[in-house]
Amino acid sequence: MAINWFKYSAPTTFYGLAGKLIPFFAWPAAILFAVGLYIGFFVAPTDAVQSEAYRIMFIHVPASILSMFIYLIMAGYAALGLIFKTRLSSMMASALAPTGALFAFISLWTGALWGKPMWGAWWVWDARLTSELILLFLYLGFIALQASIEDPRRADRASALLAIVGSVNVPIIYYSVQWWNTLHQGSSIKFSGTSMHVAMQQSMFTVLVACWLYVIAVALARVRSIILERESNTQWVKELAEVKK
Amino acid sequence: MNWSEFFAMNGYGFYVWGSYGVALLVFVVEILMVRHRRTLALRQLRLLNESGEV
């Protein structure tokens, strides 16, 4: 093996690498957000049933998908940190939690603003909505639990267990529209094909990719601060150019 | 289509722009928070360095 992967799993090396990578995710994210929303607002036609209100979909669906994916990635990193005691994995889990919580919030917020004109209610205690709300609480619980334990290694272990157990909620959210009779509509895009206009699909997927890139950029930026905070007593951190000046 | 028609979103303007406006606000606030956290971490480290050198 030519590449030593363990080298990059050390906070020392990863700090610099992450700093170099951020612009390669941040700029494409900004461009794809602009392109995706341009298609969504100026190319995609008005919906026959929902008129212009359906355009909320272009942020609602990507945010909802990401809120679930980020949780699974966060739980995966937390599990790696728990099993292999790799510090960086636990730091990545902590770096992803606030972003995941914000995406869950955007999903719920845009859903409420979409539900009001279409269903006549901001909120209903429906399986899909309730399980997504629980997802937001799981993120907040993860963050609060970490903040409440002084020793970072113990905080990592406790919050990793919460993250792993909580991941059972993700398939519940995903299948909620099939398992229960809910007000929330099922997926419009299926493996067998879709009834959606092609411009609507293009907009949604472009925004989805933009959100992915945004999440990676912001998590890398946050993990750099977490590394600095946790490694503050090490020599390599003290000798960083940005610390010395 | 003119701009006032565009912003009206056929009567759904409040819901559509309320969704995108808050989403944008969330992204902006998150970016500012991430930057602030880095500023604080670096400030703390410089203080540590200074106290160590004396």
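Residues numbered from 1 in each chain as written. Chains lettered and ligands numbered in written order. Predicted model: local features only at pLDDT ≥ 70, side-chain atom pairs only at ≥ 80, totals over all residues.

A. Region of interest: unusual backbone geometry. Positive phi values are uncommon outside glycine, yet Lys85(A) reaches one of about 55°. When you line up the elements, Lys85(A) lands in the loop between helix H3 (57-84) and helix H4 (87-119). Positive phi is not limited to glycine here, since Asn10(B) has a value of about 55°. Along the polypeptide, Asn10(B) turns up in the loop between helix H1 (3-8) and helix H2 (13-53). Given 13 C-beta atoms within a 10 Å radius, Asn10(B) is considered partly exposed. (Helix = DSSP H or I, 4+ residues; strand = E, 2+ residues; numbered from the N terminus. Buried ≥ 20, exposed ≤ 12 C-beta atoms within 10 Å, placed from the backbone.)

B. Broad picture of the interface of chain A and chain B. Across the boundary between the two partners, chain A contributes 29 residues, which contact 24 residues of chain B. Counting residues per element, the side of chain A that touches chain B draws most heavily on H4(A), which supplies 10 residues. In terms of residue class, the side of chain A that touches chain B is made up of 16 nonpolar, 5 polar and 8 charged. (Contact = placed C-beta atoms within 7 Å. Nonpolar A, V, L, I, M, F, W, Y, C, P; charged D, E, K, R; others polar.)

C. Examining the nonpolar core more closely. Core analysis: the biggest nonpolar cluster contains 70 residues, and Ile56(A), Met74(A), Ala93(A), Leu96(A) and Val223(A) have the highest contact counts within it. Looking at this core, the elements that each hand over two or more residues are helix H2 (11-43), H3, H4, helix H5 (127-148), helix H6 (152-166) and helix H8 (198-230) of chain A together with H2 of chain B. Broken down by element, the residue count for this core peaks at 17 residues, all from H8(A). Residue contacts for Met74(A): discarding those within four places in its chain leaves Ala93(A), Leu96(A), Ala97(A), Gly100(A) and Ala163(A). (Core = buried A, V, L, I, M, F, W, Y, C linked by C-beta atoms within 7 Å.)

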